[in-house]
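Each chain is listed here by its residues.
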Amino acid sequence: MFRLLLMNFLLLGFTACHDDRQTVEFDGKLLTEKYCSSCHDLHIPPVISDDELAPPMLAISVHIPELVSVSNESERTSKAIDFVVDYVRDPSAEKAFCDKKSIKRYGLMPSQKERVSKEEAKAIATYMFQHYTQENLTKKMKEKVEFDALDPGRKVALKYRCLGCHKVDRKLIGPSFIAIAKRHVDAKEKMIKSIKEGSKERWESSNGAIMPPFKQISDDELEILLVWILGFDT
Ligand code: HEC
Ligand code: HEC
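Just so it is clear, the model here is predicted, and its values are computed rather than measured.

**Q** I would appreciate a short explanation of unusual backbone geometry in the present structure.
**A** Glycine aside, negative phi is the norm for most residues, and most peptide bonds take the trans geometry. In this structure, the amide linkage connecting I44 to the following residue, P45, adopts the cis form with an omega of -10 degrees. Relative to the helices and strands, P45 is located in the loop between α2 (28–36) and α3 (57–67). Not every positive phi belongs to a glycine, and R161 is a case in point at roughly 60 degrees. Turning to its location among the elements, R161 is positioned in the loop between α8 (152–159) and α9 (177–184).

Set out below in structure tokens:
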């Protein structure tokens, strides 16, 4: 909710600064989230659910350029953009590329004419065909496979950005995890306290840098983190 309000604020603030409508540059990503996310899933890969209201954005975006008719290959993207700009404001079963069965399942998309201007629709469509692509899907899937293969401790450390201040094998802003593991082999409780409440003046090597408290880390995550960090005491 807060993000939505903030988004509205940014958009209003932004457009209000410009008198000349032509100079307004719309942010396709924000507009897509604002106007399309209530029905279309925007994740890559999509989060598919049984009660979804519309096809996922990725599915639409990958298929439309393949299906629009073109006289020249180079105009495929611009024709796809034209199709979306028109469809968003004036959808119909005749125009739809969506097969009859899907239209029956979801119902026809309600016109967004009252909500989305032509310029906004164009910014959205441009963003769609840049972002929701087969290449991006492949990239995200690869990243996910790599992330899944990481040590669970490293995943938690990434989640809470510990690695912005700590490296495993050398001092960064805070001490290396190897140094921490060596000092605290038998002091697990003390480490938990330091992570939850923050730490200062315990490490001369940090030159007065302090570690902020991480109160929001769950007990399970702390356990995973500690097993990982203490494992560097070898
Ligand atoms: C109120 C729900 C709703 C909203 C909001 C919505 N859509 Fe849809 N959309 C649908 C449904 C349902 C379908 C599938 C049926 C159809 O194709 O009309 C669909 C299909 C589409 C299609 C595929 C058309 C085809 O069949 O070839 C496109 C393109 C599309 N939406 C774009 C958008 C964009 C862009 C936005 C945001 C500006 C948006 N939609 C917002 C419900 C919605
Ligand atoms: C903003 C930088 C920063 C971040 C982010 C950070 N740390 Fe630290 N950390 C430090 C500094 C600096 C110290 C040394 C502070 C001192 O001298 O007491 C430290 C010390 C520690 C210590 C040793 C405390 C002690 O009692 O000796 C542990 C354990 C630790 N960090 C774990 C973590 C973990 C786990 C995370 C992520 C949840 C994390 N840190 C995130 C900067 C950071």
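**Q** Any chance you could explain the coordination of the iron atom of ligand 1 here in plain terms?
**A** By definition of the ideal shapes, a tetrahedral metal site with four donors has angles of 109.5 degrees and an octahedral site with six donors has angles of 90 or 180 degrees. Coordination of the iron atom of ligand 1 by the protein involves H40 (NE2) and M109 (SD), with metal-donor separations of 2.0 to 2.1 Å. Given six donor atoms and angles of 87 to 180 degrees at the metal, the environment of the iron atom of ligand 1 is assigned as octahedral. Residue H40 is located in the loop between α2 and α3, and its partner M109 is located in the loop between α5 (100–106) and α6 (118–131); the two are separated by 69 residues in the primary sequence. Residue M109 is classed as partly exposed on the basis of its relative accessible area, which comes to 23%.

**Q** How should I be thinking about the coordination of the iron atom of ligand 2 in this particular structure?
**A** Ligation of the iron atom of ligand 2 by protein atoms is provided by H166 (NE2) and M211 (SD), these donors lying 2.0 Å from the ion. Taken together, the six donor atoms coordinating the iron atom of ligand 2 and their angles of 88 to 179 degrees define a geometry best described as octahedral. With H166 in the loop between α8 and α9 and M211 in the loop between α10 (188–197) and α11 (219–230), the pair connects residues that are 45 residues apart, well separated along the chain. Among the residues examined, M211 registers a relative accessible area of 23% and is labelled partly exposed.

**Q** What is the right way to look at the site of ligand 2 in this model?
**A** With respect to spatial proximity, 27 residues lie near ligand 2, and among them C162, C165, H166, S194 and M211 are the closest. Within the contact set of ligand 2, an oxygen atom lies 3.2 Å away from a backbone nitrogen or oxygen of K200. W203 places a polar side-chain atom, nitrogen or oxygen, 2.7 Å from an oxygen atom of ligand 2. Residue assignment for the shell around ligand 2 shows that the elements contributing at least two residues are α9, α10 and α11. The residue makeup of the shell around ligand 2, split by class, is 17 nonpolar, six polar and four charged.

Calculation rules
- Residues numbered from 1 in each chain as written.
- Chains lettered and ligands numbered in written order.
- Predicted model: local features only at pLDDT ≥ 70, side-chain atom pairs only at ≥ 80, totals over all residues.
- Heavy atoms only, no water.
- Helix = DSSP H or I, 4+ residues; strand = E, 2+ residues; numbered from the N terminus.
- Donors = N, O, S within 2.8 Å, 3.2 Å for Na, K, Ca; no water.
- Tetrahedral: all angles 85-135°; square planar, octahedral: opposite > 155°, others 65-115°.
- Buried < 20%, exposed > 50% of the residue type's maximum accessible area, 1.4 Å probe, protein only.
- Near = heavy atom within 4 Å.
- Polar contact = N/O pair within 3.5 Å; in protein donor to acceptor, adjacent residues only side chain to side chain.
- Nonpolar A, V, L, I, M, F, W, Y, C, P; charged D, E, K, R; others polar.

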